[in-house]
Structures are given as C-alpha cells and as structure tokens.
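Examination of the molecular architecture
Single-letter residue listing:
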Amino acid sequence: MSDVLAVTEHRRGELRDVSYEVISAGRELADATGGDLHLAVISGDVEAFADDLDREGVDYIHTVDEGEEFNHDICVQAIEALHAELDPQVLLMPNSVNGLDYAPAVANRLDLPLVTDAVDFNYDGGLTVTREMYGSKVETTVEVGGDRQAVTVRDAEWPQAEGVGDAEISAFDADIDTDTGSTVTGFEEVGSGDVDISEADFIISIGRGIEEEENLDLIRDLVEATDATLASSRPIVDNGWLPKNRQVGQSGKVVTPDVYLAIGISGAVQHVAGMKGSDTIIAVNTDPNAPIFDIADYGIVGDLFEVVPELIEEFE
Ligand SMILES: Cc1cc2nc3c(=O)[nH]c(=O)nc-3n(C[C@H](O)[C@H](O)[C@H](O)COP(=O)(O)OP(=O)(O)OC[C@H]3O[C@@H](n4cnc5c(N)ncnc54)[C@H](O)[C@@H]3O)c2cc1C
C-alpha cells in the first residue's frame, strides 16, 4: 500500500484551516507515493465536515461519529483503528495543540517513526522531511526510516485545498471504548482580559531581549509616550511577566495592526504566525541575522536598552 491518511481538525463546530492544508500536503505526498489520499474526520458534525472537506484531490473520507469536541482517547483509538484498516504509507496530522497531544501516543501505539513540525517533504521510495530548528535559523532534512511513517505538518505551510472533490465518504466503525477515564465537559476560551490586542492599531511587542521583568518599565514608558498597545512574545507570558491575552503568535493572538514594533523578538515562526499580517513591521534587535528582519519593513540593529530611551525622547 502507498496511500496517505491525513487527520483533519475542528473546534467548536468549525473546521480549522489546517484541515484544508493537510489535504494539500496529503495530495502532494500521495502523488509521490502513487497512492490515494484518505481523510479522517473524527467527532463533531462529521457529515457536514466531510461534505466541506470533499475538495479536489481527496479520494476517501472516513468519518468517526463519536463525541463533539476533541478528546484524546477518542482520537487515538479512531486513528489507530483507521491505520489498521487502511495501512497507509504515511500518516499526516496537524502540528497543532490537538495534533501534538495525540500524535506521539498514536505513533507509539502503532510503532511508527514520528517527525513533527514538517515544513516540506519528499517521497522517492523513502520519506525525507524538512523541518526548522533553533528559531528557524537551521533547516534540517530528516530521512525517516521504518516501513510506515507518521508526520505532523506545520500550519500555513501548504495552501488550503480548494475546488469541489469527488471523494467516497463513508462512516467508519472504529469500535471506540468510551470508558477510558477522561471526559470532555466543555470548551473554554482564555478570557480576553483587559485589552484585546487584535483590535489595536499600533502594537509595541516585547520579547526575551528585555532580560528582566523590571526592565518592562522601559517598554511601558515607550508605550505611554506613543499611545501604543503593549504585547509580547510567548516567553514573556510564560515567565508570568504579562498576562496571556498579550501574547502574539500561534498559541496566542493573531494581530493585524497598522504598525507592529517588535523589540528584542527573534521572529520565530510561531511568533510570526501571529503578526505577519501587520501593515508595517519594525524590528529592534542586536542580532542582524535575527529572522524578524526577514519580514520587517524597517529594522534597527541595536541594543534595545539604548534604542528605546532614544525613541521615548523622540516621541516625547
Ligand atoms: C507549539 C508552539 C507554540 C508557540 N507559540 C508561540 C506564540 O504564540 N508566540 C510566540 O511568541 N512564541 C511561540 N512559541 C515559541 C517560539 O518558538 C519562540 O521560542 C519564541 O517566539 C521566542 O520568543 P522571543 O523572540 O521573545 O525570544 P528569543 O527567541 O530568545 O529571542 C530574543 C531576541 O532578542 C534579541 N536580543 C537580546 N538582547 C537584546 C537587546 N539588548 N536588544 C535588542 N535585542 C536583543 C536576541 O538577538 C534575540 O533575537 C511557540 C512554540 C511552540 C513549540
């Protein structure tokens, strides 16, 4: 067999963009392996989801009608059962919060080599996967061994599949054991807190370059002088220096201000995913090779502890 099985994703009744992206990634791979592309649609309104996912390039859609929201146990059992039935060459899963929850468990149970966060791949009798490391500074190509492989794909790397397909849609009986000890009782959004940064026109965002929590006062002075909105990269939130509602990026908020001033932020893909739609991007960083400069319209290579006081003086 040389088929590809791609797992789709939904949240609160809506298919997520990555579901259409795994179709494009899966089709590309299935063309290379010379097999069919199968999609797994697990939980939620599976029939409506399957209709929506029936896009160009999809050969088969298998629905597992069990539960509403994402549930680790249901997902793992459903994928394991589908894999046993279809025996695909490659199992593709989103490199999302959900995907990273179940993919290692699935790979472990199926005894598959797993490569996460793929940004590209190539199949030529064997599978090679491209992934980035060290904040996108290094690109690695991984030759994946084993008879069968599992890969999680980074979101927004493949285009979203379009067109109307002609897939065979069928319900799959995965024989799910629901008595696993875990129950999903609901879905709660993290509160938006005091400020909704996704509404801001001018954002000043601070990253790990700030070094210490006390130094944030310097950035607050700049925010005040410019009447901007304060945001940050994830480490600042992880350190507890700013609340979660200020985090920009893949696991934070997506922002599209007129101006995004990134100070001491390297420009990791997970951060860029949340701010690349800004009209004008300005970066301050001591490292001239920081990836943030690749997307910045204006850049200042310099020490923020020198640059920011000068900016405050200018604005005042
Ligand atoms: C699943 C997943 C989800 C993630 N989600 C997010 C997310 O939503 N948002 C997010 O931001 N990250 C996210 N990350 C983390 C992300 O990979 C990076 O680790 C993070 O963005 C790095 O933050 P940073 O740029 O502040 O820190 P670093 O990468 O450490 O960069 C600090 C930068 O500051 C510069 N610097 C140091 N000193 C100075 C100075 N004195 N003056 C000027 N510049 C200086 C350095 O040159 C460096 O470029 C996620 C990671 C994973 C795996």
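The preceding data block contains the structure.
Quick look at the structure, then. Owing to the predicted nature of the structure, the values given are computational and were not obtained by experimental measurement.

Conventions used here
Residues numbered from 1 in each chain as written. Predicted model: local features only at pLDDT ≥ 70, side-chain atom pairs only at ≥ 80, totals over all residues. Heavy atoms only, no water. Helix = DSSP H or I, 4+ residues; strand = E, 2+ residues; numbered from the N terminus. Rg over C-alpha atoms; globule rule 2.2 N^0.38 Å. Buried < 20%, exposed > 50% of the residue type's maximum accessible area, 1.4 Å probe, protein only. Contact = heavy atoms within 4.5 Å. Areas by Shrake-Rupley, 256 points an atom, 1.4 Å probe, with all protein chains shown as cover. Pairing = 2+ DSSP bridges. Axes fitted to C-alpha atoms, helices over the stretch in contact; angles between N-to-C directions. Salt bridge = Lys/Arg side-chain N within 4 Å of Asp/Glu carboxyl O. Arc of directions from axis to C-beta. Parallel < 35°, antiparallel > 145°, perpendicular 65-115°, else oblique. Left-handed = near helix turned anticlockwise from the far one by under 90°. Near = heavy atom within 4 Å. Polar contact = N/O pair within 3.5 Å; in protein donor to acceptor, adjacent residues only side chain to side chain. Nonpolar A, V, L, I, M, F, W, Y, C, P; charged D, E, K, R; others polar.

**Some words on the overall build of the chain**
Within the chain one finds nine helices and 17 strands. Relative to the 2.2 N^0.38 estimate, which gives 20 Å for 316 residues, the radius of gyration of the chain is 22 Å and therefore close to what a compact globule would have. Judged by the C-alpha coordinates and their principal axes, the chain covers about 65 × 45 × 35 Å. Counting only residues that meet the buried cut, the chain has 48% of its 316 residues in that class. Contacts in the chain between residues far apart in sequence, at least 24 positions, make up 64% of those at least 6 positions apart. Accessible surface computed for the chain: about 15200 Å², of which carbon and sulfur atoms make up 41%.

**Things to note about the sheet that holds strand 10 (residues 138–144)**
If you walk across this open sheet you meet the three strands as 8-9-10, and the pairing is antiparallel. Every other strand in the sheet has two partners, leaving strand 8 (120–123) and strand 10 as the edge strands with one partner each. Between one strand and the next, the sheet's axes are offset by a mean angle of 20°, whatever the strand orientation. Sheet topology note: the strand 8/strand 9 (residues 127–133) ladder contains four bridges and is antiparallel. The residue of strand 9 that forms the bridge with Phe-121 is Val-129. Docked against the sheet, helix 1 (residues 17–33) engages strand 8 and strand 9, running at close to 20° with respect to strand 8.

**Remarks on the pattern of salt bridges**
Oppositely charged side chains can pair when the atoms bearing their charge come close. If you walk through the whole model with that rule in mind, you get eleven salt bridges. Two residues, Asp-117 and Arg-154, come together in a salt bridge whose shortest N-O distance is 2.9 Å. Of this pair, Asp-117 sits in strand 7 (residues 114–118) while Arg-154 is found in the loop between strand 11 (149–153) and strand 12 (168–171), placing the two residues 37 residues apart along the sequence. Both residues of the pair, Asp-117 and Arg-154, count as buried. Salt bridges sharing common partners tie together Arg-27, Asp-31 and Asp-59.

**Let's talk about helix 2 (residues 46–53)**
Every buried residue belonging to helix 2 is among Val-46, Phe-49, Ala-50 and Leu-53, and all of these are buried. Projected down its long axis, helix 2 shows its buried positions confined to an angular sector of 100°, all on one face. Exposed side of helix 2, more than 90 degrees from the buried face: Glu-47 and Asp-51 are the residues found there. Buried residues along helix 2 sit in contact with strand 2 (10–11), strand 3 (14–15), helix 1, strand 4 (37–42), strand 5 (60–64) and strand 12.

**Section: the packing of helix 3 (residues 72–86) against helix 4 (residues 97–110)**
Remark: helix 3 packs on helix 4, axes separated minimally by 9 Å, with the N-to-C direction vectors making an angle of 40°. Overall, the two elements helix 3 and helix 4 adopt an arrangement that is oblique. Seen along the crossing, helix 3 lies across helix 4 with a hand that is right-handed. Taken together, the residues of helix 4 that come into contact with helix 3 (itself represented by His-72, Cys-75, Val-76, Ile-79, Glu-80 and His-83) are Asp-101, Tyr-102, Ala-105, Val-106, Arg-109 and Leu-110.

**Considerations on the environment of Val-58**
Within the secondary structure, Val-58 sits in the loop between helix 2 and strand 5. Its relative accessible area of 5% is what places Val-58 among the buried residues. With 103 residues separating them in the primary sequence, Val-58 and Ala-161 have C-alpha atoms 9.4 Å apart. Beyond its immediate chain neighbours, meaning those up to four positions away, Val-58 contacts Ile-23, Leu-37, Leu-39, Leu-53 and Ala-167.

**Details of the site of the ligand**
Taken together, 25 residues sit near the ligand, with Ser-233, Gln-247, Ser-251, Ser-266 and Asn-285 positioned nearest. Interatomic distance of 2.8 Å between a side-chain N/O atom of Gln-247 and an oxygen atom of the ligand. Asn-285 places a polar side-chain atom, nitrogen or oxygen, 2.7 Å from an oxygen atom of the ligand. Here the ligand loses 77% of its free accessible area of 980 Å² to cover by the protein chains. Taken together, the residues of the shell around the ligand sort by class into six nonpolar, 15 polar and four charged.

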